[in-house]
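Close look at the chain arrangement
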Amino acid sequence: TPVETPRLRFHGGSGFFSDNVAVQGMLAASLSPLVYTPGSQANELYVFFLTEQTAGPRSQVRVKGPRDYPFDFGKRCEPRFLDERYYVGLSPQPSAYPLAGMQFQIDCEGVQSSGWPSRYYAAVLKLSGRLRSVRQYAFAIKIANPEVFMPSHVQEWSITTYTSQREEIDETYHTAPLNLRQVVPRSFGLYQYQPLQIDVLQSFFLAISSNLPASVTGATAWVAIGGIHLPTDAPCQLKVIAPSLYRWEYLMREFLYRPNEVNPLLPNGGRLPDNSQLVTATLPAGFIPTPRVEPFNEIQAEAITNYLAGQRYGLAAKVRVPDQPNTASINAFIVQCGQSEDSLVSRRLAAVLEPPHVAALVDAHVAYRTNIVGQPSHLRLRVRTTTAVRATGALVVRGPAGYTAAPTCVAASTTPSVNEELVSARSLLLEYEGLVNEAAQKQQGFGEESPEFLALNAQVTSKYDRLVAVVRETWTRRKQALALPLDMGCFFQPQSETQPFVQLTLQIGFPNVDSDARLAEFARRHARDLFPSDQRGESYLPVGLYEFELDVHNPTAIASNEVQEVSDAELSESSHATAPRGCGAERCWMYSTFKAPYSDRSLADRSAFARGTAIVERMSEASLVGLTADQRNAIQRNDRPTQPNQLVFSFQLNRTVDPTLPAQTLIGESLPAAQTIILRGPHGFEFPADCAVATARDEVFGGSAFWPDLAGFSNWTSETGAVTMCDGVGNVATITVVGPMGLLPGVRYVFRVDIRMNPVATPWRNYWSVEFYGQRSYDEVGNPIGTRHAEASEPFPGFEIWTFSDVLVVPRTTERSSALADGVVRNPISVLFTTHSAVPSGGGAV
């Protein structure tokens, strides 16, 4: 008789053991070089791969090329970060991540081939952290091209992930392709010729009529490529590969290949600096049909045709611009001629053309001081724009209902000193304006040559010079702090019957404080070099990453924030009248930028979503545990600036489950309790990506002898649960606990966690918090029911960074030394400072 098995996830591990991995997983990967010509010693290979399984602590990655006439990684290979746009946040879709430890230095060793010519045909990268499962990674690595092309070059590239013990975890099942969307994978090979993009007259040019996603515009966009040429007369078959998220989509009349058709779509109407045309001849291939099957981002001429030296060719066609930036493969259009040939002499041309960024907001994020129900908090909001927005446009943020704030709000910088400097600049502007008005009155009453006017005019000049200097410093510091332009207004709207969300409107050129508009105007007139040349005439929100804070009160009702599937409708731009639902969870925030005027509601960039937070009850208690000198030494506690550290925390839960759910479904032998702790530190602290958590009695304080018996801490045993994962991102560590019993209410737990780096100075808001999310409940067939119980601690004080305070340097004189031999001015200075810690005898100051 057939038996239907319960839909439960099988767990093969318990305690401190992980689940068994039965088979090797499959990597989805793409490899793209920047240089395609033989013998290049300064090439870079862009590497992208999506893992299927985690590879554990200190994971390893091997990138292996062909053995015959190999590409050379070098004995000590050199990986590096890609452009920051490859690592942007794309909630709810995964973005690319750098390899763990790339911010320092990754141990990278070349693997030498045994044949001739001997080269380092593979690279093994040993990471300081772990490769996570189902995560996209991206990096670049230096390679040298061989002098010879071999057909095996396009069939023998692979990527493999390993544990620290060199046990294979995931691997590409076929050669890693150049085009991620290829049905029959094919890697890259060498070509005879690649144009120098630094030479305008020899460059290929690419233009896109609109970089707004098709989901926003409701239409496709023109892509035009001009300047295509070969150094000699040659026959070849032309192919153009768009970035993997793009899609060629055009009718026959929408494919253009004649000079009079293509040139108008290119920069400057297709004219070069010498007044010659970018496209001088009709494309020999003629019409190239739109793809009917995958890969939809690739078009290819139907036949080999002859191209003449001295002529420039071009083409233009319609593409569907994607909703998000291309981060899983190289963001470039690749032009090839002769890609199917097995001989280098017939592989004529390759070119790499970078398009403008997709006009979409990215890096959307919302952080908070506390998520306890009904409590005052501040939200830290972050987003990166792609398109500049001029005056009367707006940045709009919509969030879950229930938050309250002042109607005329303040979008403050996250750096307190920047806010203080703005207050000083406002005061200085008012003083300057007062002097200017008074001087005008003196001039009118006493004349331009009067002593009264001349004396006051000298003060005006001095105050002007001071104001210009302060404005320059203010603008520079605000840019460094990712602050919004100061001449943006801030208006908060609570939810209503017709608006089921809260809304924050930041309109450009309409500040809440009148003096901010005058200060910005002063800056544009008298410190013009601070602004791009096209943004000096009016207010702008320039392209960039912005981060700001908003004081709020949390909603007064508890609310969960479980993971949810995202539909296309929830991601569409037609959802602006409904509560945001595009972040992959129940509670979402949506960021949008609107072109001027805001009243037209025309998007400048596609909107982005950020995951919100659950609104939870208060935890019983949590704190940073104070340590004795012996305990500090035993765990290597180090409170100095920018140093690694070890911190001990305690917490006590009110409860761990929702009491309204059936008790028998809470925890069962076949389904251990899986609970989550989120440790949130002050901004400036950084957790390791693969943070380590100690919970055992003989580990937390550095040994059993240092356990504080009188503190009332409970012994956290394997029955309670094992920490199976600690995922650090910036100042937040997410800790997963799995065990037969799970964490229990009314018990005072204690644990130790490592910090990758302390901040440079004691944070302005020096508070930590602990959040707890209990196990899910399931019905008899394994479906989740209800929501998890959640609670959070009140923010509790952190520790002071061991730095000097009250530092002051006082010179006796500011007189300048002269060039004469006896013109040296000796100037004793007084250095005043307060130490944080006592300095023992024999120590000193440097």
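Up top you'll find the structure we're talking about.
Predicted model only: the values in this text are computed from it and were never measured. (Residues numbered from 1 in each chain as written. Predicted model: local features only at pLDDT ≥ 70, side-chain atom pairs only at ≥ 80, totals over all residues. Heavy atoms only, no water.)

**Some remarks on the environment of T676**
Locating T676 in the fold gives a position in strand β36 (residues 673-680). C-alpha of T676 to C-alpha of V738: the two residues are 62 residues apart in sequence and 8.8 Å apart in space. Every residue in contact with T676, bar those within four places of it in the chain, is listed here: T734, I735, E771, F772, Y773 and R788. (Helix = DSSP H or I, 4+ residues; strand = E, 2+ residues; numbered from the N terminus. Contact = heavy atoms within 4.5 Å.)

**As for the layout of surface pockets**
Volume-wise, the second largest pocket comes out at about 540 Å³. In terms of lining, the second largest pocket is formed by 24 residues, of which the most central are W475, K479, P485, P542 and Y546. Elements supplying a minimum of two residues to the lining of the second largest pocket: α4 (451-480), α5 (514-526) and β30 (545-553). Looking at the lining of the second largest pocket, the element that brings in the most residues is α4, giving 4 residues. For the lining of the second largest pocket, the class distribution of residues is 15 nonpolar, 4 polar and 5 charged. (1 Å grid on protein atoms, 1.4 Å probe; cavity = no way out; pocket = protein on both sides within 12 Å on 5 of 7 lines; lining within 4 Å. Points joined across faces, edges and corners; volume = space filled by probe spheres on them. Nonpolar A, V, L, I, M, F, W, Y, C, P; charged D, E, K, R; others polar.)

**Description of the pattern of salt bridges**
A side chain with one charge can pair with a side chain of the opposite charge if their charged atoms come near. Evaluation of the coordinates by the stated rule reveals 41 salt bridges. Among the ionic pairs, R788 bridges to E562, the shortest N-O distance being 3.5 Å. Within this pair, whereas R788 is found in the loop between β43 (784-785) and β44 (790-792), its partner E562 is found in the loop between β30 and α6 (568-571), the two being separated by 226 residues in sequence. In this structure R788 comes out as partly exposed when scored by relative accessible area, which is 24%. The exposure class of E562 is buried, given its relative accessible area of 11%. Taken together, the shared-partner salt bridges in this structure form one network comprising R130, R132, R135, D690 and D727. (Salt bridge = Lys/Arg side-chain N within 4 Å of Asp/Glu carboxyl O. Buried < 20%, exposed > 50% of the residue type's maximum accessible area, 1.4 Å probe, protein only.)

**Things to note about empty space enclosed by the protein**
Taken as a whole and judged by the stated rule, the model has 3 cavities of 30 Å³ or more. Estimated volume of the largest cavity: approximately 70 Å³. Taken together, L178, N179, L180, I241, A242, P243, S244, N297, S329, I330, A332 and I334 make up the full set of residues lining the largest cavity. In terms of residue class, the lining of the largest cavity is made up of 8 nonpolar, 4 polar and no charged. Considering only enclosed or pocket space, the second largest cavity measures out at about 60 Å³ in volume. Lining the second largest cavity, in full, are L379, L381, V397, Y403, F492, V502, Q503, L504, L550, V552 and W589. Put simply, the parts of the chain that give the lining of the second largest cavity at least two residues each are β23 (376-384), β28 (502-507) and β30. Of all the elements, β28 adds the most residues to the lining of the second largest cavity, at 3 residues. Across the lining of the second largest cavity, the residue classes tally to 10 nonpolar, 1 polar and no charged.

**A short note on the packing of helix α3 (residues 416-446) against α5**
Packed helices, taken two at a time, are described by their axes: the angle between them and the distance between them. α5 packs onto α3 with a crossing angle of 80 degrees between their chain directions and a minimal axis gap of 10 Å. In terms of orientation, α3 lies roughly perpendicular with respect to α5. In contact with L422, A425, R426, L429, L430, Y432 and E433 of α3, α5 contributes S515, D516, R518, L519 and F522. The residue inventory of the contact of α3 with α5, partitioned by class, reads 7 nonpolar, 1 polar and 4 charged. (Axes fitted to C-alpha atoms, helices over the stretch in contact; angles between N-to-C directions. Parallel < 35°, antiparallel > 145°, perpendicular 65-115°, else oblique.)

**Things to note about the packing of aromatic side chains**
For the structure shown, the criterion picks out 37 aromatic pairs. Both rings, one in Y250 and one in F287, keep their centres 6.5 Å apart while their planes meet at 85 degrees; by these two values the pair is edge-to-face. Of the two residues, Y250 is situated in the loop between β16 (247-248) and α2 (259-262) and F287 in the loop between α2 and β17 (298-300); the sequence distance between them amounts to 37 residues. Accessibility expressed as a relative area gives 7% for Y250, which makes it buried. A residue is classified by how much of its surface remains accessible, and F287, at 25% relative accessible area, is partly exposed. When the centroid spacing of 5.5 Å and the interplanar angle of 65 degrees are considered together, the rings of W716 and Y749 count as edge-to-face. (Phe/Tyr/Trp six-rings, centres within 6.5 Å; stacked < 30°, edge-to-face > 60°.)

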